[in-house]
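Listed below are the residues making up each chain.
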Amino acid sequence: MITTEKKRIAIERTSHSRLPQTDFGHLAFGSTFSDHVLIADYSKGKWGEARIVPYGNLELSPGTSALHYGQSIFEGMKAFRDVNDAINLFRAEDHRNRMNKSARRLCMPEVPAEIFIDGMHEFLRLEAPWVPAGEEGSLYLRPLLFATDSFLGIRPSENYRFIIMACPVSAYYPEPLRVWVTNSYVRAVDGGVGYVKAAGNYAPSMIANKYARENGYNVVLWLDAINRKYVEEYSTMNAFFVIDEFVVTPKLTGTILEGITRDSLLTLFEDMGVPTFEREISINEIFEMHDKGKLREAFGTGTAAVVAPVQTITYEDRTLELNPDGFKLMPAAKKKLADIRRGLEPDVYGWLTQILPE
Ligand SMILES: Cc1ncc(COP(=O)(O)O)c(C=O)c1O
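Keep in mind that what you see is a predicted model, and the values were worked out from it rather than measured.

Caption draft 1: Summary view of the layout of surface pockets. Roughly 1,100 Å³ of volume is contained in the largest pocket. Around the largest pocket, the lining comprises 41 residues; the ones closest to its centre are Phe-74, Arg-142, Tyr-172, Tyr-202 and Thr-236. When contributions to the lining of the largest pocket are tallied by element, the ones reaching two or more residues are strand S6 (72-74), helix H2 (92-105), strand S9 (138-147), strand S10 (160-169), helix H4 (206-214), strand S13 (231-234), helix H5 (260-271) and strand S17 (295-302). Looking at the lining of the largest pocket residue by residue, the classes come out as 20 nonpolar, 15 polar and six charged.

Here it is in structure tokens:
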């Protein structure tokens, strides 16, 4: 656990906080925003000073190149209120590294630590009252970087805007997941952008997610684009299976997002003495293992959903059913992660930064 020092970032405070009207008992994911945003602009080859201003609309040229050509990337991370009322930010440096990997792939400028990390700390110090209390609550933080040149033509923009905004959230999926495996659509191809958090990865996935929701499923499980055979990931989560006593997750091939929750869970399982394997897993193997009674658990991991158990998986004309109430390894790792984040277990991995109050 590291603690933060105060940094100088210009702050314009809102005169109309929405905190008193916010019902923390009924938070729909992604629809309640905190009072402020952090903004930093990149121009003429360098970053300007970050500033914190009241949450509000942006004024953009209709020619804003991110809107036309999709030079836009983001991150999703969380801060938690621990049992001693301290605010803990989870794996911020890892999220910055991933954002900068996305930036490199999309020819965008990397975001320096003084803006991403110091800015995030200062932003959180100010927005601390927006971090919900309780086991399921957290403040979801959304760093966003997009191209702001007003220019029609395909070339990397010369101007960019970085924003940090925040939403107080509670549980993402209240029920175990009903999964639909698609082999008619694909999410990512080798050499593409599947391994980074590009806005453009999400728009093409919507049609499959829409079909899934309209047909009684919650999420889509994507297969590899070439063979349409190997499990890749869910639209916003990495995929895990427990086969016999082993934890198995698809290996990172360049088409799968390197999830920070995925990495956290692999670390926790290893330390719990549970063997983990990162390898190719075909969808046929999943059904075969289920038929043999060896598929014990299936779940998804991601910052928003944290760890979500799977109830059913449907592929072509077959559906397999699991019993999430009987899962053992997933709930044990989920609890360990929650306990670390809430200060009930020591942070031996150095995942947390404690944000000191204003
Ligand atoms: C496509 C995709 N896969 C996996 C994840 C999980 O990644 P993380 O655990 O870093 O949130 C996310 C969410 O960020 C995602 O959008």
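Caption draft 2: The arrangement of the site of the ligand in detail. Around the ligand lies a shell of 16 residues, among which Lys-197, Tyr-202, Glu-233, Thr-261 and Thr-303 are the nearest. Residue Lys-197 places a side-chain N or O atom 2.7 Å away from an oxygen atom belonging to the ligand. Within the side chain of Thr-261, one N or O atom sits 2.5 Å away from an oxygen atom of the ligand. When the ligand is considered free in solution it has 380 Å² of accessible area, and contact with the protein chains removes 97% of it. In this structure, the ligand is accommodated by the largest pocket. Within the residue set of the shell around the ligand, elements represented by two or more residues are H5 and S17.

Caption draft 3: Examining a nonpolar patch on the surface more closely. A grouping of Leu-58, Leu-60 and Leu-67 is seen on the molecular surface, where their side chains present a nonpolar patch of about 280 Å² in accessible area. Here Leu-67 lies in helix H1 (residues 65-69).

Caption draft 4: Quick peek at the packing of aromatic side chains. This structure, assessed with the given rule, holds 17 aromatic pairs. Ring centres of Phe-29 and Tyr-140 lie 5.1 Å apart, and the angle between their planes is 65 degrees; this geometry places the pair in the edge-to-face category. Highlighted residues: Phe-29 in the loop between strand S2 (10-11) and strand S3 (36-43) and Tyr-140 in strand S9, separated in sequence by 111 residues. Given a relative accessible area of 28%, Phe-29 falls into the partly exposed group. A connected cluster of aromatic rings, assembled from ring pairs, spans Tyr-42, Trp-47, Phe-116, Tyr-160 and Phe-162. We note Arg-155 situated over the ring of Phe-151; from NZ or CZ to the ring centre the distance is 3.7 Å. The side chain of Arg-341 reaches across the aromatic face of Phe-90, ending 4.2 Å from its centre.

Caption draft 5: Fine view of the domain arrangement of the protein. Partitioning the protein into domains gives domain 1 (2-171 + 342-355) and domain 2 (177-327). Put simply, the middle of domain 1 and the middle of domain 2, counted by C-alpha atoms, are 27 Å apart. Across the contact, 20 residues belong to domain 1 and 21 residues belong to domain 2. Roughly 1,800 Å² of surface becomes buried between domain 1 and domain 2 when both sides are summed, with 61% attributable to carbon and sulfur atoms. Summed over the shared surface of domain 1 and domain 2, the number is two salt bridges. The partner of Lys-101 in a salt bridge is Glu-258, with the nearest N and O atoms 2.9 Å apart. Remark: the boundary between domain 1 and domain 2 carries 13 residue pairs in polar contact (both at pLDDT 80 or more). Of all the secondary-structure elements, those providing two or more residues to the side of domain 1 that touches domain 2 are S6, strand S7 (77-81) and H2. Of all the elements, H2 adds the most residues to the side of domain 1 that touches domain 2, at six residues. Grouping the constituent residues of the side of domain 1 that touches domain 2 by class yields nine nonpolar, four polar and seven charged.

Caption draft 6: Representation of the pattern of salt bridges. Here the structure, examined in full by the defined rule, presents 23 salt bridges. Between Glu-75 and Arg-98 there is a salt bridge, with the nearest N and O atoms lying 2.8 Å from each other. Here Glu-75 is found in the loop between S6 and S7, whereas its partner Arg-98 is found in helix H2, with 23 residues between them in sequence. Each member of the pair Glu-75 and Arg-98 is classed as buried. Ionic pairing is found between Lys-210 and Glu-214, a salt bridge with its closest N-O pair at 3.3 Å. Placement of the pair is Lys-210 and Glu-214 together in helix H4, with a separation of four residues, close to one helical turn. For Lys-210, a relative accessible area of 49% corresponds to the partly exposed category. Classification of Glu-214 by relative accessible area gives exposed; the value is 57%.

Caption draft 7: Region of interest: the pairing of strand S14 (residues 238-243). Among the six residues of S14, six are classified as buried, and the element is accordingly described as predominantly covered. Here S14 shows a buried face lined by Asn-238, Phe-240 and Val-242 and a second buried face lined by Ala-239, Phe-241 and Ile-243. Pairing of S14 with S17 involves six bridges; the strand directions are antiparallel. When the sheet's bridge partners are listed, Asn-238 is paired in S17 with Thr-301. Both S14 and strand S15 (residues 246-250) contribute to a ladder of three bridges, which runs antiparallel.

Calculation criteria
Residues numbered from 1 in each chain as written. Predicted model: local features only at pLDDT ≥ 70, side-chain atom pairs only at ≥ 80, totals over all residues. Heavy atoms only, no water. 1 Å grid on protein atoms, 1.4 Å probe; cavity = no way out; pocket = protein on both sides within 12 Å on 5 of 7 lines; lining within 4 Å. Points joined across faces, edges and corners; volume = space filled by probe spheres on them. Helix = DSSP H or I, 4+ residues; strand = E, 2+ residues; numbered from the N terminus. Nonpolar A, V, L, I, M, F, W, Y, C, P; charged D, E, K, R; others polar. Near = heavy atom within 4 Å. Polar contact = N/O pair within 3.5 Å; in protein donor to acceptor, adjacent residues only side chain to side chain. Areas by Shrake-Rupley, 256 points an atom, 1.4 Å probe, with all protein chains shown as cover. Sits in = over half its atoms within 2 Å of the grid points. Patch = residues over 30% accessible without salt bridge, like charges linked within 9 Å, V, L, I, M, F, W, Y side chains within 5 Å. Salt bridge = Lys/Arg side-chain N within 4 Å of Asp/Glu carboxyl O. Phe/Tyr/Trp six-rings, centres within 6.5 Å; stacked < 30°, edge-to-face > 60°. Buried < 20%, exposed > 50% of the residue type's maximum accessible area, 1.4 Å probe, protein only. Lys NZ or Arg CZ within 6 Å of the ring centre and 35° of its normal. Domains from an automatic or database assignment. Contact = heavy atoms within 4.5 Å. Buried area = accessible area lost by both parts, 1.4 Å probe. Pairing = 2+ DSSP bridges.

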